[in-house]
Amino acid sequence: CLTDHLEKQSNISKIRKECKENSDSQLKIIPGIEVEYKDSHILSINFLDKRLLTKPSLDTYNLVNSKPQSLAILAHPNKKRQLRGFKHVEVWNAKHHGSLAPKSSLFIKNNINFCGLDLHKETHFGKNWIEMKVSKLNEKEIIRKLKKGDFKICNKFFCIGAKQTISNRNKIIFILKI
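Procedures and definitions
Residues numbered from 1 in each chain as written. Predicted model: local features only at pLDDT ≥ 70, side-chain atom pairs only at ≥ 80, totals over all residues. Heavy atoms only, no water. Helix = DSSP H or I, 4+ residues; strand = E, 2+ residues; numbered from the N terminus. Buried < 20%, exposed > 50% of the residue type's maximum accessible area, 1.4 Å probe, protein only. Areas by Shrake-Rupley, 256 points an atom, 1.4 Å probe, with all protein chains shown as cover. Disulfide = S-S within 2.5 Å. Patch = residues over 30% accessible without salt bridge, like charges linked within 9 Å, V, L, I, M, F, W, Y side chains within 5 Å. Salt bridge = Lys/Arg side-chain N within 4 Å of Asp/Glu carboxyl O. Lys, Arg positive; Asp, Glu negative; His and termini not counted. Charge placed at Lys NZ, Arg CZ, Asp CG, Glu CD.

## A look at the overall build of the protein
(1) Moving on: Broken down by element type, the protein carries four helices and nine strands.
(2) Moving on: Starting at the N terminus and ending at the C terminus, the protein contains elements arranged as β-α-β-β-α-α-β-β-β-β-α-β-β.
(3) Moving on: When each of the 178 residues of the protein is scored for burial, the buried share is 43%.
(4) Moving on: In the structure as shown, the protein presents an accessible area of about 11000 Å², 50% of it carried by carbon and sulfur atoms.

Take a look at the structure:
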């Protein structure tokens, strides 16, 4: 999924067109937008609508998630209090939270945890990613699995299930083979 900061509605059709043109049978790029919400952002995947630009809120987040082929994620929050009402949360942004491990204080039981990166420079690429198995490379199946939490968030050292929780008491230990 590829989201972009969007200030004007006129760019919505351009984003859809470019994602479709650059997708093929081996690569599916699902369009999305990123809008400011309080001290963080809301990512809206496959739901590009002017309502998100005018007044992003918990209501618009729920509107996006009510559609079967779209998904909203609270992106790079810094405090647990920002998570109230949100089920899909980016707990690990390589730019905002570091590339080695997710921010354990953002993990909440029953939430679906996502990772992401702000791809402003080439060096940001490949710090973390989402892995999932799909029978078909299509938007419907990918969005369905993302909504259910049927994927893992990974980096080059480890993967964590999207529904798994960690806390500061459950330290992740890295064993590096050199």
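There is more to say, and it comes next.
## Section: the state of the cysteines
(1) Moving on: In total, this model carries one disulfide according to the counting rule given.
(2) Moving on: Paired through a disulfide, C154 and C159 show a sulfur-sulfur distance of 2.1 Å. Linking C154 and C159, the disulfide has an S-S dihedral of approximately 110 degrees and is accordingly described as right-handed.
(3) Moving on: Using a relative accessible area of 0% as the deciding quantity, one classes C154 as buried.
(4) Moving on: We classify C159 as partly exposed; its relative accessible area is 37%.
(5) Moving on: Counting only cysteine sulfurs, C154 is the nearest neighbor of C115, a cysteine outside any disulfide, at a range of 7.2 Å.

## As for a positive patch on the surface
(1) Moving on: A contiguous patch of positive charge on the surface is contributed by K38, K79, R81 and R84.
(2) Moving on: Inspection of the secondary structure puts R84 in the loop between β4 (71-75) and β5 (88-93).
(3) Moving on: R84 sits in the exposed class, given a relative accessible area of 66%.

## Section: unusual backbone geometry
(1) Moving on: Positive phi, close to 65 degrees, is recorded for N46, a residue that is not glycine.
(2) Moving on: Positionally, N46 belongs in the loop between β3 (40-45) and α2 (50-54).
(3) Moving on: By relative accessible area, N46 is classed as buried at 13%.
(4) Moving on: The phi dihedral of H76 falls on the positive side, at around 35 degrees, and the residue is not glycine.
(5) Moving on: Summarising the element assignment, H76 is placed in the loop between β4 and β5.
(6) Moving on: With a relative accessible area of 6%, H76 lands in the buried category.

## With respect to the pattern of salt bridges
(1) Moving on: Scanning the model with the defined rule gives two salt bridges in all.
(2) Moving on: Across the salt bridge formed by E21 and K17, the nearest N and O atoms sit 3.7 Å from each other. Remark: K17 and E21 occur in helix α1 (residues 11-21); sequence separation between them is four residues, near one turn of the helix.
(3) Moving on: Overall, the relative accessible area of 54% leaves E21 in the exposed class.
(4) Moving on: Of the charged contacts in the structure, one is a salt bridge between D150 and K145, with a shortest N-O distance of 3.0 Å.
(5) Moving on: Relative accessible area serves as the criterion here: at 36%, D150 is assigned to the partly exposed category.
(6) Moving on: You can call K145 buried: its relative accessible area is 11%.

What is shown is where atoms sit, not what they do.
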